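Here is what each chain is made of, one letter per residue.
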Amino acid sequence: MILAQQLILGLLVGGLYGLAAAGLSLTFSVLRVLNVAHGELIMLGGYGTFWLFTLWKIDPFVSLLGVAPAMFLLGLLLYWALFQFVVKAHEETRIKNSLLIGFGLTLVLHALAIRFWTADERAVTTAYSGAVLRVGGLAVPWLRLTSLLFAFAILAALHLFLAKARWGRAIRATAEDWEAAALMGIPVGKTYLLAFALGTALAGIAGGLVSISYAISPSIGLEWTLKALVVIVLAGLGSLFGSFAGGIILGLAEAMSVVFLGGPYREVVGLILFLIVLVVRPQGLFGARA
Amino acid sequence: MKLLVAGILFIAVFASLPLITTRSDLLNLGVQIFLAVVLAQSWNLLGGYAGQINLGHAAFFGLGALVTRTLWVGGTPLILALFPGALVAMLFGLMIGVPAFRLRGAYFAIGTLGLAEILRITIGNLMPQISTIPVRELASYNILPRYYLTLGMAILCVVLVALLIPSRIGLGIRAVREDEAAAEATGVSALRHKLLALALSTALSGLAGGAFAYYHVSYYPQHTFSPAWTFDAVLISYIGGVGTVHGPVLGALFYVILRELLAVKLVEFHLIIFGTLFIFVVLFFPGGLVEAWRRIRRMIARST
Amino acid sequence: MLEIKNLQVAYGPLVALHAVDLIVRPCEMVALVGPNGAGKSTLLKTISGLLRPRAGAIRWQDETIDSAPPQHIVERGIALVPEGRRLFAAMTVRENLELGAFTGRAQQEKRTQMERVFSLFPRLFERQQQSAGLLSGGEQQMLALGRALMSLPRLLLLDEPSLGLAPKIVESIFVVLSELHRAGMSVLIVEQNVHAVLELVQRAYILEGGRIVGEGEGRQMLDNDHIRAAYLGPLARGAS
């Protein structure tokens, strides 16, 4: 019973892991830039939702309509100020520099968050926060279920955009072969900008959903960056639904570790799984070569 | 040659400092600077010279601290306690390096990032209580041996790197950084050179951790695995001048002293400043303070 | 008209093109031949904007384009069919073609242009939902050519279109090129298959070691000593 309950909770959080990974996967597959500050962007999204709720009583799901565009703009800014210079180099140097820049960004964003909002944990508590759906003997928190469905819907929308829209296809083409894409008349710089901003917006949405069902604080950044990385290593790059599935797998693995090893080792199991997959099968369980 | 003179001067000044003053705050600052030098120089060896970015440098610092502290508090003489710490750090480093270095791209960086977090969380769970120096040591606690130990380590670290880099092995290491494929083509085993740099880097970091364990009266064991130590190492290396011998030294002086001065104000402020400065250096001024100093000297020379 | 004057292109310290002069007049089909490593691909890439010249100028219809970004050059009507085709293997034939019409100008005529491409290459119509990576070599080259046509070019650049293809297929592609030329397209074609291409074009240049070492009318080049010695081998020896 406990196992089943934990597995449900693991499934529910797994959707968020997938969403978190999707943003990072998008920017990496298109720009070949690994932004290790992705978790901090998730943190910022979480605070956005938190403050909109706390200051102006805006329902957290509704606030995402504001948080997503705001984070999109932040993504534009970050690309313009930092990452556009990183993409000028060729791949090896690009990855190296993006790791460093991302690392520095982690530090700065983390410090700014503590400076403005203190290191305290925050959570969004609405009137319906505690509502639970009973299935059999199991409790399924409504909020987390809604978040999961929301995350899935966002990924589905993103998938449609990439598959059908002119700019979505441009993004996919640029990810596959940027020179060939340029020869189609696709402005590669603008495509990079769009992909990065989208990735940031995705992080923001993930963060908003995190603040709804879980606590946030300035320090959750590193944790979520690692979660996103674990999912990417598990699922490989290039597939949004692979990311989602990878996220679910991670959520379930964590749930099982909670049952068999106890709560404190939840994070560790995911990371150890990550190291094992890294060593044994770095292209991920479903993915093409990263 | 100028560097050698500057180095000797540095050593002379810092070695004689305790003879001039007994102010513990200055001596503590000294220890911080020396630890920072070792932390940064060890990172610089792998990151600056071998081109492998280690985002979990804290893991090896923490392992050194853990092993040394445990042994020393348990009665082992310090000298004997330091080396197992360095050794364990090195073994963990190789454990990540051997699989990760075969792959290109970011695998080593994120692997070390993950390792540091695993250790931090695990140690935090297994050893949540604060670790304090036993009473017998506390009574006779003296900053001087700590001061000279860390100074000695800083000197050792810098000299090691200074001797290694122009050597044949050092040349191989740098060749691997420039172009792995080309290096392999000329018979330089990329894997072996990367692993060598990794082994030295992590061992030195472990030594620094061991010194920290000897120096710090009480701390939470998981704190030594905190990413803050990695940040320090990376920021100092880049701000000082990554890929040079004296860059990390300059950077350590700049960073630690400025941090002391800025800490009077809000605590996080210095992180924002250094973080931004670091990003600026990586993007636009990769030579760091070393390069800045070179340009200033050239400007002065030109105007006279 | 495409006018290249005194073009110098370098990869770092390595100079790939030295003072190259080349012209393609409206409705002309011109070949660029030469040994491997002569710089032919480099020249096409520079015209397309993927590379920036160190010196010299490229003018297209009275506009200087040598420092323009690739997307601008596509908008102005120059399309490159790159060496090795560079298709988007993960996408379908139809998606590849649609991507070719990315620019605003091309978007408006997307439907009609796609019909035209399908009528030129019926095989592509049959396979339109297939993944581009699964096509045969000949079909891939047709797709690459079709994709370039989607951007409504007035000058078509082709880099080694016959590479790796069976002679029959090469022939069919050259037939299509002739048709396009007759309909008013300017073409600059880089080819190893010197014999076939020189029959096709009006003029040809020879590029060797980054320099233009010869120029002349298509068929007459077949008699050119350079060409005969270097490329036509036994055929040349037999014919004299």
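Bear in mind that the values here come from a model prediction, so they are computed numbers and not experimental data. (Residues numbered from 1 in each chain as written. Chains lettered and ligands numbered in written order. Predicted model: local features only at pLDDT ≥ 70, side-chain atom pairs only at ≥ 80, totals over all residues.)

### Details of the overall build of chain A
Okay, step 1: In terms of helices and strands, chain A carries 11 helices and two strands.
Okay, step 2: Moving toward the C terminus, one meets the helices and strands of chain A in the order α-α-α-α-β-β-α-α-α-α-α-α-α.
Okay, step 3: A compact globule built from 290 residues would reach a C-alpha radius of gyration of about 19 Å, and chain A, at 18 Å, matches this within 12%.
Okay, step 4: Taken over the C-alpha atoms alone, chain A extends approximately 60 × 45 × 35 Å along its principal axes.
Okay, step 5: A total of 290 residues make up chain A; the buried ones form 57% of that total.
Okay, step 6: Here the analysis covers contacts within chain A between residues at least 6 apart in sequence; of these, 78% occur between residues at least 24 apart. (Helix = DSSP H or I, 4+ residues; strand = E, 2+ residues; numbered from the N terminus. Rg over C-alpha atoms; globule rule 2.2 N^0.38 Å. Buried ≥ 20, exposed ≤ 12 C-beta atoms within 10 Å, placed from the backbone. Contact = placed C-beta atoms within 7 Å.)

### Overview of the interface of chain A and chain B
Okay, step 1: Every contact between the two is made by 32 residues of chain A and, on the other side, 31 residues of chain B.
Okay, step 2: At the level of secondary structure, the elements contributing two or more residues to the side of chain A that touches chain B comprise α3 (60-86), α4 (91-117), α9 (220-235) and α11 (266-280) of chain A.
Okay, step 3: It is α4 of chain A that provides the largest number of residues to the side of chain A that touches chain B, a total of 15 residues.
Okay, step 4: Grouping the constituent residues of the side of chain A that touches chain B by class yields 27 nonpolar, two polar and three charged. (Nonpolar A, V, L, I, M, F, W, Y, C, P; charged D, E, K, R; others polar.)

### Quick word on the nonpolar core
Okay, step 1: Val37 and Val38 of chain B together with Leu157 of chain C are the most contacted members of the largest nonpolar core, which totals 271 residues.
Okay, step 2: Among the domains, domain 1 (1-77 + 154-163 + 171-240) and domain 2 (87-150) of chain C are the pair contributing at least three residues each to this core.
Okay, step 3: The residues contacting Leu157 of chain C, other than those within four sequence positions of it, are Leu44, Ile47, Ser48, Ile78, Ala79, Leu80, Val81 and Leu188 of chain C. (Core = buried A, V, L, I, M, F, W, Y, C linked by C-beta atoms within 7 Å. Domains from an automatic or database assignment.)

### A closer look at the packing of helix α8 (residues 168-178) of chain B against helix α10 (residues 190-215) of chain B
Residues and elements named next belong to chain B.
Okay, step 1: The interhelical angle for the contact between α8 and α10, taken along N-to-C directions, is 110°, at an axis separation of 9 Å. By the angle between their directions, the pair α8 and α10 is classed as roughly perpendicular. The segment α8 lies against α10, with Ile169, Gly172, Ile173 and Val176 engaging Ala190, His193, Lys194, Leu196 and Ala197.
Okay, step 2: Here the contact of α8 with α10 is built from residues that sort into six nonpolar, two polar and one charged. (Axes fitted to C-alpha atoms, helices over the stretch in contact; angles between N-to-C directions. Parallel < 35°, antiparallel > 145°, perpendicular 65-115°, else oblique.)

### With respect to the interface of chain A and chain C
Many structure descriptions define interface size as the accessible area lost when the parts assemble.
Okay, step 1: Each partner contributes to the interface: chain A provides 15 residues, whereas chain C provides 18 residues.
Okay, step 2: At six residues, helix α6 (residues 166-176) of chain A tops the list of elements feeding residues into the side of chain A that touches chain C.
Okay, step 3: When its residues are assigned to classes, the side of chain A that touches chain C shows eight nonpolar, one polar and six charged.

### A word on the arrangement of the chains
Okay, step 1: By number of contacts, the leading pair among the two pairs of chains in contact is chains A and B.
Okay, step 2: What separates chain B from chain C at the closest point of their C-alpha atoms is a distance of 16 Å, and the two make no contact.

### A few points about helix α1 (residues 2-20) of chain B
Okay, step 1: Under the 1.5 Å per step criterion, the end-to-end length of α1 of chain B is 26 Å for 19 residues, consistent within 8% with the ideal 27 Å.
Okay, step 2: Sparse coverage of α1 of chain B is indicated by the burial of zero of its 19 residues. (Expected span 1.5 Å × (residues − 1).)

### Focus on the sheet that holds strand β1 (residues 2-11) of chain C
Residue and element names in this part refer to chain C.
Okay, step 1: If you trace the four strands from one edge of the open sheet to the other, you get β2-β1-β4-β5, paired in antiparallel fashion. On the outer flanks of this sheet lie β2 (14-24) and β5 (63-64), each paired with one strand and no other.
Okay, step 2: Of the strand pairs in this sheet, β1 and strand β4 (residues 55-60) are connected by five bridges, and their pairing is antiparallel. Bridging across to β4, Lys5 finds its partner in Ala57.
Okay, step 3: Those strands touched by helix α1 (residues 40-48) are β1, β2 and β4, and its axis lies near 70° from that of β2. (Pairing = 2+ DSSP bridges.)

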